[in-house]
Structure formats: structure tokens, C-alpha cells
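Take a look at the letters that make up each chain.
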Amino acid sequence: MAAGALGVSGSRILEHLSSKGEHVPGTFAVEEELLALARAMGESGRGTFQIVPLGGGGNTMGTAATLDERLEEHARIERIAAESGRPVTYLLHSYEHAPDEWRQLLDCSERANARGHQVVPQVAARGLGILLGLDGFHIFARRPSYLDIAHLPRAVRAEAMRDPARRQAILAEGNLPPEPSQARVHMMAERFATILERFHVLDASLDYEPDQNRRLDRIAAQRGCSMAEVFYDTMAAGDGSAMIVDFVLNYVGGNLQTVHDMMVHPQTVSGLGDGGAHLALIADASMPTFGLSFWSRDRTRGDRIPLELSVYKQTGKAAQLYGLADRGTIEIGKRADINVIDFARLGIDPPEMRFDLPKGAGRMMQKGHGYLATMVEGTITRRNDEATGARPGRLVRAA
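None of these values were measured; they are calculated from a predicted model.

Draft legend 1. Expanded view of the pairing of strand β14 (residues 371-376). Relative to β14, strand β9 (residues 338-341) runs antiparallel, the two sharing 4 bridges. Looking at β14, one finds that N339 is bridged to T374. Pairing between β14 and strand β15 (residues 379-383): 4 bridges, direction antiparallel. Each residue of the ladder has a partner; that of V376, found in β15, is T379. Linking β14 back to β15 in an antiparallel pair, the connection comprises 2 residues, with E377 at a positive phi of about 50 degrees.

And the structure:
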């Protein structure tokens, strides 16, 4: 903390595993260890304790926590807040398997704050899940007839997949054993094949609140074919850029109303713009742009959120949570970290894979547009959605 750390973070969800399938350090940390860290942080007089709580992954891999376990986990979060005397933020989602649980946890946070604690649920701006596509992971990736063309550029590969004989072969084949380094990912892909009814087609419209007619099972029933065929034909169409999405979290009842209700609650802060994990399966770094354009302008299936509130939840509220008093609002004497936005044009591009990591591995990217300028402490780093080449940013340290 003396060196400028913003706080302590930890993950307790069972779904966070290493590439070898091992639980990450901290998953089963005993409470006294967590409280000792909280006390040490609190002694510095600053810092925020951030935690991915037990059960936070819902029933993603069939490991859902019970309501009693979730309530006990929240009680543990309250004890961390009490021991540290500092803010504690935890991830809050809504789940199809327990549609009212988020309300109960939010009520617990309200009561904790009424007792003088600082417990801040952190919520995402949209359904959280996984994106499957031709350049990422999909259920045909280990089929022999697909592997014959896997090396081809995406558009050429998609064209080859449209050949009737190849299509028939790939759909009929079983999977070859995965390469050892990809065993866990391909195990997940095989699991996806068993839950295709949860997937929606994410087409060029980028509708992140699609109705049930975009689900694979509904499309398959309408066409009189299997869900696997719908999946295949979606990826093989055009240049092969279309994707299939499973909203694992925050899509209760087939809409985003629970997300709206969590976002507008005065206790919560916007977050989860993940740009550094699960690079071949998610593109959540676009979350801030989506949060502004969708909730304050584009939503058609329910209530919207005032633009001022959307901005505050991402900026002032977030800066306050992490003790960054020198930013978050536009005021004399504060850092000029400012986005100048053409709100009518603000939006996100389709997600795409880029193979530019050191060993050629891919990462999912989703660019935003509508930013006239981005300033870091007054220096313009982006103008009209393009980088200027300026790099004034530095490691953020607590004051």
C-alpha cells in the first residue's frame, strides 16, 4: 500500500482455473487470511478490497452455489469491510437458475451500508458470456474435415465450408482428441455443443438484447433442421465473421431488465470491462462504450438510463470507489482525463479475432467509434477514433 497499490483483490469462484485445470491461488483462502489482508490494507488508511465472490460464476459449469452459501459469502464481505474500514466491491450478476438472488444480495449490501460499512456491488452493462466464431473456438474445430481447411484465411475457409459434401462430412464427424495445450478449451467447446439452445446468433446488427427468435433452437425449429446445422451455416455464411453468443449471466427471462435495475441502483458501480482474460472467447473491453450508447440511446425493449447517470457510474462513482480523488469529474485542479464524444455516432464495431500476440495466438477485439478525442492528463492520445501516437499514460498509483 505504501508503494501506491489501489488495494487487494481476490477470486473465489470455482470456474477460475489455470490452463492445467487447477484452481487459482486464493480460491479456497480461509477467512482469517482474507481478514488479515483486509486489516493490513485498512491500517494504511486507504485502498479498496475487490473480490469475485463464491458463486459469482452462476451455473456456468454446473457448479452453482446455493442461496445460503451466497448469503454467507456476502456476510464474509461485510466482515472484510468491518475489519478494514475500507470499501469492498464485489461482482453482482443475475442468473437464470436463481432469478431473484441478485435482489437479495443487493438488499444485504444496502443494510450493510446503513450500518456504516462501504459495500459496493459492481455490475456489467450487458449479458456476460462467450462468443464462438470461425476464428475463435467452435464445436467443429476438431472435426477431421474441418481441420483439412483450418489453415485457410477465414473468408476462404467459410467458402470451403459451404461446399455441400464438406458440410455433410463435418456435421457427421466426431471430434479428434485435442492438442494437450488446448485440452481444457476444447473440453469447454464440447460442453457448448450440449447447450446450444442457450446460444443466440449475433449478426451484423450487434443486438445484445435479442429476442428469443434469435436462439439457435428457435431458428432450427423454424427451418426444420438441427441446432448444429444452424450453428454451422451461420459461421459459413459470407466472409465467416458472424458469431454465436451465449449470455451465461445477466440475461434472465431473455432480456436485460435485471441489468437495468442493477445499474440504476444507487449502491452499484459500472465495471466488468474485461480486456485481459479469456481472449479467444470474450470482448468485454467494449463494455464502457456499449454502456453509454445502448442504455442511454438505443434500447428498444425496455427502460433506458439517463446519460448523466451512465457517465457518472463509469467515471465519478468509479473514481470515488478506488480513492482516485484526482480524477472522475471535470473540475479545476483535477486531471484532464476526458473523452470528447459524438454521441449520435457512438457505438461498437463487430468483434473480430486478431492474431497479433507474441506467438501468433489470437485475441478478440471490438473497437468503438464516435470518439472525437481522448485526453490523458490533457494530452490527446486519440483523435477521431485513431491513435495520435502520444503515450503519456503511466502506472496508476494511489495518492
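So much for the structure itself; the text now carries on.
Draft legend 2. View of the side chain of Q212. Inspection of the secondary structure assignment puts Q212 in the loop between β6 (199-202) and α8 (216-223). Here R215 takes part through its side chain, which lies 2.7 Å from a polar atom of the side chain of Q212. Setting aside residues up to four positions removed in sequence, Q212 forms contacts with H200, R218, Y251 and G254.

Draft legend 3. Region of interest: the sheet that holds strand β7 (residues 243-249). Spatially, the 3 strands line up as an open sheet ordered β5-β7-β6, and their pairing is antiparallel. Edge positions in the sheet fall to β5 (128-133) and β6, since each of these pairs with one other strand and no more. Within the sheet, the average angular offset between the axes of one strand and its neighbour, ignoring direction, is 30 degrees. Here β5 pairs with β7 via 6 bridges, running antiparallel. For L132, the partnering residue across the bridge sits in β7 and is I244.

Rules used throughout
- Residues numbered from 1 in each chain as written.
- Predicted model: local features only at pLDDT ≥ 70, side-chain atom pairs only at ≥ 80, totals over all residues.
- Heavy atoms only, no water.
- Pairing = 2+ DSSP bridges.
- Helix = DSSP H or I, 4+ residues; strand = E, 2+ residues; numbered from the N terminus.
- Polar contact = N/O pair within 3.5 Å; in protein donor to acceptor, adjacent residues only side chain to side chain.
- Contact = heavy atoms within 4.5 Å.
- Axes fitted to C-alpha atoms, helices over the stretch in contact; angles between N-to-C directions.

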